[in-house]
Amino acid sequence: MTTSDIHSDATDVDLPAGTGQCCGSCSSTDTATTAPTSGQPEQSTAMATTTYTVTGMTCGHCVHAVSSEIGKLPGVSDVQVDLPTGAVTVTSAAPLAQAQVADAVQQAGCELSNAGSGPGTEGDRVG
């Protein structure tokens, strides 16, 4: 996944009520950018999909930073970020170690607030 994959087809969405101001790294305080799908065709091999909750995202820059950092992890093929809920869904070739994801989120300036949930957690594979 490259930075251009994440940012090129971005969509503006309204910030949820009560989220406060932008992190200061972008020019908008009332819109945020969501990460699009990777644009890659669906693979026939089983993939792990895990949803995490991330706190500290307040704007499109935050969404992009989290998507970009997680997208750099080995085996990650897609990252979907929902700013209003803080849900970050990661699709990868194999389940990721929570510490890896937490470190990537921290590099983006945010915090991982749960261990992940859904299919793909603890070695379950989704196909």
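So, here is what we can say about the structure in this document. (Residues numbered from 1 in each chain as written. Predicted model: local features only at pLDDT ≥ 70, side-chain atom pairs only at ≥ 80, totals over all residues. Heavy atoms only, no water.)

Per the counting criterion, the structure on display carries zero disulfides. Cys110 takes part in no disulfide bond, and the closest cysteine sulfur to it belongs to Cys62, at a distance of 5.0 Å. Classification of Cys110 as buried rests on a relative accessible area of 8%. (Disulfide = S-S within 2.5 Å. Buried < 20%, exposed > 50% of the residue type's maximum accessible area, 1.4 Å probe, protein only.)

Let us now look at helix α2 (residues 60–71). Relative to the 16 Å expected for 12 residues at 1.5 Å per residue, α2 spans 16 Å between its end C-alpha atoms, a close match to the ideal helical length. Most of α2 sits inside the fold, with 10 of its 12 residues counted as buried. All of the buried residues along α2 are Gly60, Cys62, Val63, His64, Ala65, Val66, Ser67, Ser68, Ile70 and Gly71. (Helix = DSSP H or I, 4+ residues; strand = E, 2+ residues; numbered from the N terminus. Expected span 1.5 Å × (residues − 1).)

Quick look at the sheet that holds strand β6 (residues 111–112) now. Spatially, the four strands line up as an open sheet ordered β4-β5-β3-β6, and their pairing is antiparallel. The outermost strands of the open sheet, each flanked by one partner alone, are β4 (76–82) and β6. Relative to strand β5 (residues 87–92), β4 runs antiparallel, the two being bridged by six bridges. Bridging across to β5, Asp78 finds its partner in Thr91. (Pairing = 2+ DSSP bridges.)

Take the pairing of β5 next. As judged from the six bridges shared by strand β3 (residues 48–55) and β5, these two strands associate in the antiparallel manner. Within β5, the position partnered with Thr49 by the bridge is Thr91. Count of turn residues in the β4/β5 antiparallel hairpin: four residues, of which Gly86 carries a positive phi of about 80 degrees.

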